[in-house]
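Residues per chain, in single letters:
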Amino acid sequence: MMKIVRHALLEIFLVVMGILIAIQLNNWNESRKFKNEQKKFLVGLIDEFSSDLIRINTKIEQFGEINEIIKSGKNLLIKSFLSEEDKNTFNITIDRFPILTPLNKDVERNNFLISNGIIKSDSLKMMVLEYYELTSYHKEVQTKFGETLQRLYTDQISPLVRFNQSSNTTKEYSLKKLQMSNTFNNALDLSIGYRNQAVLFLENQNEMAKKLIAIINKEFAKN
């Protein structure tokens with residue numbers, strides 16, 4: 001009888017141990033898979049932020065070039081006569097005046113993964129979320145800048161500078177009226193100022209993206 005009991009207990013013990021081992025192996029496997037997912041996610045973040053850097057620097061360069069064009073056009077207003085080259089520069093100035101488009105970036109696509117602990121380091125997690133929040137804020141502000149410039153173009157530029165009916169690249173205007181119009185000159189200054197502020201935002205975002213890439217690379221070095 002005791003032999004049967006011992007045999008039964010041994011079988012139960014082996015079954016329990018088998019279950020525990022299976023659970024342990026499953027947990028280990030799931031942990032390994034999650035760690036691989038974490039590494040893959042960090043690699044994806046590096047690619048994402050590297051792409052952001054390219055787009056940010058391109059946008060900074062674009063805004064800088066537009067501002068130089070508008071400054072050149074504004075400087076022409078001190079002249080009493082515009083040459084054909086001057087007129088071409090001024091036409092480009094007016095065309096570029098309302099251009100201020102923000103970076104279009106989806107900052108919420110990683111929210112679910114981040115909230116479920118895909119980033120192991122709490123400090124890195126907070127920095128990534130802060131970067132997304134900063135990016136969203138910059139997009140919102142720069143969008144408003146662009147909308148303001150569109151209104152300025154309609155209210156303060158278009159009444160004094162009109163498209164030639166026979167050519168979309170030629171403008172009709174009175175140089176004297178433009179020189180005497182404070183609203184026109186102020187609008188040009190505001191266009192430059194908004195774009196300069198946008199560049200400051202982008203440079204801040206640029207530095208944060210580079211810092212995040214450096215920190216993620218250090219995380220890889222630890223492992």
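Above this text you will find the structure in question.
Caption draft 1: Geometry of the packing of aromatic side chains. Summed over all chains, the structure comprises 8 aromatic pairs. With 5.0 Å between their ring centres and 55° between their planes, F90 and Y173 make a pair best called tilted. Residue F90 is located in helix 2 (residues 84-96), and its partner Y173 is located in the loop between strand 2 (167-172) and helix 5 (175-180); the two are separated by 83 residues in the primary sequence. On the basis of relative accessible area, F90 is assigned to the buried category, the value being 1%. Ring geometry for Y131 versus Y132: centroids 6.1 Å apart, planes at 55°, classification tilted. Like Y132, Y131 is buried. Three or more aromatic residues link up through ring pairs in this structure, and these residues are F49, Y131 and Y132.

Caption draft 2: Geometry of the side chain of Q142. The topology assignment puts Q142 in helix 4 (residues 122-157). In contact with Q142, not counting residues within four places along its chain, are F63, L100, P102, A198, F201 and L202.

Caption draft 3: Representation of the nonpolar core in the model. Residues L45, F49, V128 and F184 are the most contacted members of the largest nonpolar core, which totals 51 residues. A per-element tally of this core places helix 6 (residues 182-222) first, with 13 residues. Aside from chain neighbours lying at most four places away, what touches V128 is L45, F49, I114, I119 and L212.

Cut-off values and rules
- Residues numbered from 1 in each chain as written.
- Predicted model: local features only at pLDDT ≥ 70, side-chain atom pairs only at ≥ 80, totals over all residues.
- Heavy atoms only, no water.
- Phe/Tyr/Trp six-rings, centres within 6.5 Å; stacked < 30°, edge-to-face > 60°.
- Helix = DSSP H or I, 4+ residues; strand = E, 2+ residues; numbered from the N terminus.
- Buried < 20%, exposed > 50% of the residue type's maximum accessible area, 1.4 Å probe, protein only.
- Contact = heavy atoms within 4.5 Å.
- Core = buried A, V, L, I, M, F, W, Y, C linked by side-chain atoms within 4.5 Å.

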